[in-house]
Each structure stands twice: as structure tokens, then as C-alpha cells.
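# Summary of structural features
For reference, the chains in residue letters:
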Amino acid sequence: MDIKGVVALVTGGASGLGEAAVLELAASEAKSVIVDMDADKGEKLAAAYPGKIVFIRADVTSEEDIRRAVGKTVEQFGKINVAVNCAGVPDAGKILGKKGPLPLASFNKVVQVNLVGTLNVIRLAVEQMVQNAANEEGEKGVIVNTASIAAFDGQIGQAAYCASKGGIVGMTLPIARECAESGIRVSTIAPGLFDTPLMAGMPPVVKESMAQSVPFPRRLGRPAEFAKMVRHIIENPMINGCCIRLDGALRMPPR
């Protein structure tokens, strides 16, 4: 897909990996609509790129919110042909901790936002994408999801997070196979340790220790590197139905 013709809906686009994807798209003359709950950051980012970026405050778990976001994207830019799912939450907790069993509410929240929210965006974006005019290869749209290496190398205390990210990996191929009939590709990126706002509150010594655990390059991933992978998936028509690890060969230990 020609990156200059992209109109992307980016969830979690106000910060971290999502923000990096939005900035990469803006630099490539593509248009983006940020879907996020953080209005301050989202509106500030959109204001810096008038005509290229729009912000919509929306909850990815809400059908009404995402239908509204898709509708406003089409109203603003005439179409939507890319959806990048970066919205997600972490919530660590052992199955049996000092305060008792893992609360179901905690598990449900993570799965609802990370997994169900991703599916919600996919299904409503695809509903709109099938109406697009196909390019010379018959392509109408691209979906890029964000999982995590936690889907494969889950650590103690990550049951909810790993379940949600593993679900994203697991549904990538069947959705890609179904959407192939409509000329829509679906792929997933599984990042390793990246220097995002989630890392910001950690002591420098802890961050450095985590960085040193990456075989090569021996550092945390940069959000811009994630964004370049998003762009590559959009531009490379043979990337479909797969999950790409972006982790510097890191394999997480049990704890």
C-alpha cells in the first residue's frame, strides 16, 4: 500500500508506541486519527500536525465509541484503510498472592482492553474498509495489531497480560484468512522491552538491567523502531497473517 494514501486509525496513539506510529505516518504524508482516553496528550499531538492528525477521545472496548471514531475518520479524511491497534494496559498479579487469589476484575480488565478492545476495532474497521476501492493488487486495507513477547515468554505474575496478548497472536491468522477475501491484510507485532512511558517510572538502575538482558542491540527498543515496522507492514503486501517479534533476540526468564 502506498503510504502517502494511508488514512489510519491508531488506538493508544497519544503516547508510547502508538504515538511513534502516528509520528511516522505524519512524516510519511499519511493521515492519522488518534483514538485514546488521554485527551490532553492526544489534542496536543493533533494540534502540532493540523490537517494530518485528528484526535478522538474513545474507549476501545465501547462499540459506540469506536463506531463514532470510524465515522469521524471517514468524515474527516474520506476513508480508513489502515488500523493500528496499540491501546493496552498492564496489571501484574499472581494467581495466589499475599492478599489471596487474583481478583477476577483485574484479569477481566486487562483482557477486555487488550484483547476484546483490539477485536472491537478490527471488526468495525473491516466493516468500513470493505467499502474502499481496491488498489492494483486488490488491496483495500491493512490491520496492524500489537501483542508482546509476553505472549510467548510469559513471566510469573503476568497471567492476565499474557492471556490478552496471546489471544491477539492467536486470532491474527484466522482473521487474516477471513479478510483475505476482501483484500484486507492482518498482521501483529510482538515488541520486547521498549523505552515507553510504562518504563518512565522505573529507577535508572532497573532500566539499565533490563536493557542489558537484550542480546543485541544491548538496549531497550526505541518507539521509532516499532513505528518503522508498522510502516513496513503497511507497505509490504506479502506480510499477512503473521506475528513479528521485535525484541533483539530477547527471551524472558520466569521472573
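Attention in this report is confined to the structure presented alongside it. Note on numbering: residues in each chain are counted from 1, in written sequence order. In keeping with the predicted nature of the model, local features appear solely for residues at pLDDT of at least 70, side-chain atom pairs appear and are counted solely at 80 or more, and the whole-chain, interface and lining totals rest on all residues. Here the side-chain values reflect all heavy atoms present in the structure, with hydrogen atoms and water set aside.

## Digging into the environment of Pro237
Only DSSP runs of H or I with at least four residues qualify as helices, and only runs of E with at least two residues qualify as strands; both kinds are numbered from the N terminus onward. Considering the arrangement of structural elements, one finds Pro237 in the loop between helix 8 (223–235) and strand 9 (243–246). Note on Pro237: relative accessible area 36%, which makes it partly exposed. It is 26 Å that separates the C-alpha atoms of Pro237 and Gly71, two residues lying 166 residues apart in sequence. Contacts are residue-level and defined by heavy atoms, with any inter-residue pair within 4.5 Å sufficient. In contact with Pro237, not counting residues within four places along its chain, are Glu137 and Arg185. When a residue's accessible area, from a 1.4 Å probe over protein chains only, is under 20% of the maximum for its type it is buried; when over 50% it is exposed; and in between it is partly exposed.

## Description of the nonpolar core
Taken as a class, soluble globular proteins show a tendency for nonpolar side chains to be buried jointly. Only buried Ala, Val, Leu, Ile, Met, Phe, Trp, Tyr and Cys residues count toward a nonpolar core, and they belong to the same one when joined by side-chain atoms within 4.5 Å. Counting residues in hydrophobic clusters, the biggest one holds 34 residues, and the most contacted among them are Leu9, Val35, Val60, Ile66, Met129 and Ile143. Where this core is concerned, the elements lending two or more residues are strand 1 (7–11), strand 2 (31–36), helix 3 (63–77), helix 4 (104–129), helix 5 (159–179) and strand 8 (184–191). Val82, Cys86, Ile189 and Phe194 belong to the second-largest nonpolar core, a separate cluster that totals 32 residues.

## So, unusual backbone geometry
The amide bond that connects Phe216 to the next residue, Pro217, takes the cis arrangement and shows omega of -5 degrees. Residue placement: Pro217 occurs in the loop between helix 7 (204–212) and helix 8. Despite not being glycine, Glu29 shows a phi value in the positive range, around 70 degrees. Looking at the element boundaries, Glu29 is found in the loop between helix 1 (16–27) and strand 2. With relative accessibility at 45%, the residue Glu29 sits in the partly exposed group. Look at Ala249: it is not a glycine, yet its phi comes out positive at around 70 degrees. Relative to the assigned elements, Ala249 resides in the segment after strand 9.

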